[in-house]
Amino acid sequence: MVIATSRTGTATWKRVSRAAKKLAKANGQTRCPHCGVALDYDVGLTPFSAEADHIVPHAKGGRDELSNVIVICRRCNQSKGNRAAPKATTVMAAKPLKTSREW
């Protein structure tokens, strides 16, 4: 029996993601490069949480390597999908995330 899992749940991606966030924080990255919002490295799953994201999307051949990762806010990460950058209208409007989670 094969169990489907999230690709972002792999041990490799978790390791690369942790390393990217640690490096970005150590380098003093305090703002999302797309929208400029202050990144929150301490609390996850909020609109301004720091998240590792592929520069070249995985769906378009990007690999789970530190050289292909950028740290952006959760809102931009979720709005961009498999594109190279988030939708400008989504970032500019700062729409709430579509989720059932209570903020």
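Placed above this text is the structure.
Residues numbered from 1 in each chain as written. Predicted model: local features only at pLDDT ≥ 70, side-chain atom pairs only at ≥ 80, totals over all residues. Heavy atoms only, no water.

### Some thoughts on the overall build of the protein
Then comes step 1: Check the secondary structure of the protein and you find three helices and two strands.
Then comes step 2: Along the protein, helices (α) and strands (β) appear in the sequence α-β-β-α-α when read from the amino end.
Then comes step 3: Within the protein, buried positions represent 32% of all 103 residues.
Then comes step 4: Here the analysis covers contacts within the protein between residues at least 6 apart in sequence; of these, 52% occur between residues at least 24 apart.
Then comes step 5: Total accessible area on the protein is roughly 6,900 Å²; 56% of this is exposed by carbon and sulfur atoms. (Helix = DSSP H or I, 4+ residues; strand = E, 2+ residues; numbered from the N terminus. Buried < 20%, exposed > 50% of the residue type's maximum accessible area, 1.4 Å probe, protein only. Contact = heavy atoms within 4.5 Å. Areas by Shrake-Rupley, 256 points an atom, 1.4 Å probe, with all protein chains shown as cover.)

### Quick word on the pattern of salt bridges
Then comes step 1: Evaluated as defined, the whole model comprises four salt bridges.
Then comes step 2: Residues R74 and E51 are paired through a salt bridge, measuring 2.6 Å at the closest nitrogen-oxygen approach. One end of the pair, R74, is in helix α2 (residues 74–80); the other, E51, is in strand β1 (residues 50–54), and 23 residues separate them in sequence.
Then comes step 3: R74 gets classed as buried once you look at its relative accessible area, which sits at 15%.
Then comes step 4: Here D53 and K80 are joined by a salt bridge, their closest N and O atoms 2.9 Å apart. Here D53, found in strand β1, pairs with K80, found in helix α2; they are 27 residues apart in sequence, far enough to count as distant. K80 carries the same exposure label as D53, and that label is buried. (Salt bridge = Lys/Arg side-chain N within 4 Å of Asp/Glu carboxyl O.)

### What about the side chain of H54?
Then comes step 1: Mapped onto the elements, H54 comes out in strand β1.
Then comes step 2: Given the relative accessible area of 6%, H54 is considered buried.
Then comes step 3: Within the structure, the side chain of H54 is placed 2.6 Å from the side chain of D64, a separation counted as a polar contact. (Polar contact = N/O pair within 3.5 Å; in protein donor to acceptor, adjacent residues only side chain to side chain.)

### What about unusual backbone geometry?
Then comes step 1: Unlike most non-glycine residues, L45 shows phi in positive territory, near 65 degrees.
Then comes step 2: On the secondary structure map, L45 appears in the loop between α1 (11–26) and β1.

### Some thoughts on the nonpolar core
Then comes step 1: In terms of nonpolar packing, the biggest core is built from 14 residues, with C32, L39, V69, V71 and C73 touching the most fellow members.
Then comes step 2: At the level of elements, α1, β1 and β2 (69–73) are the ones that each hand at least two residues to this core.
Then comes step 3: If we ignore the near neighbours within four places in the chain, the residues touching V69 are W13, V16, A20, A52, D53 and I55. (Core = buried A, V, L, I, M, F, W, Y, C linked by side-chain atoms within 4.5 Å.)

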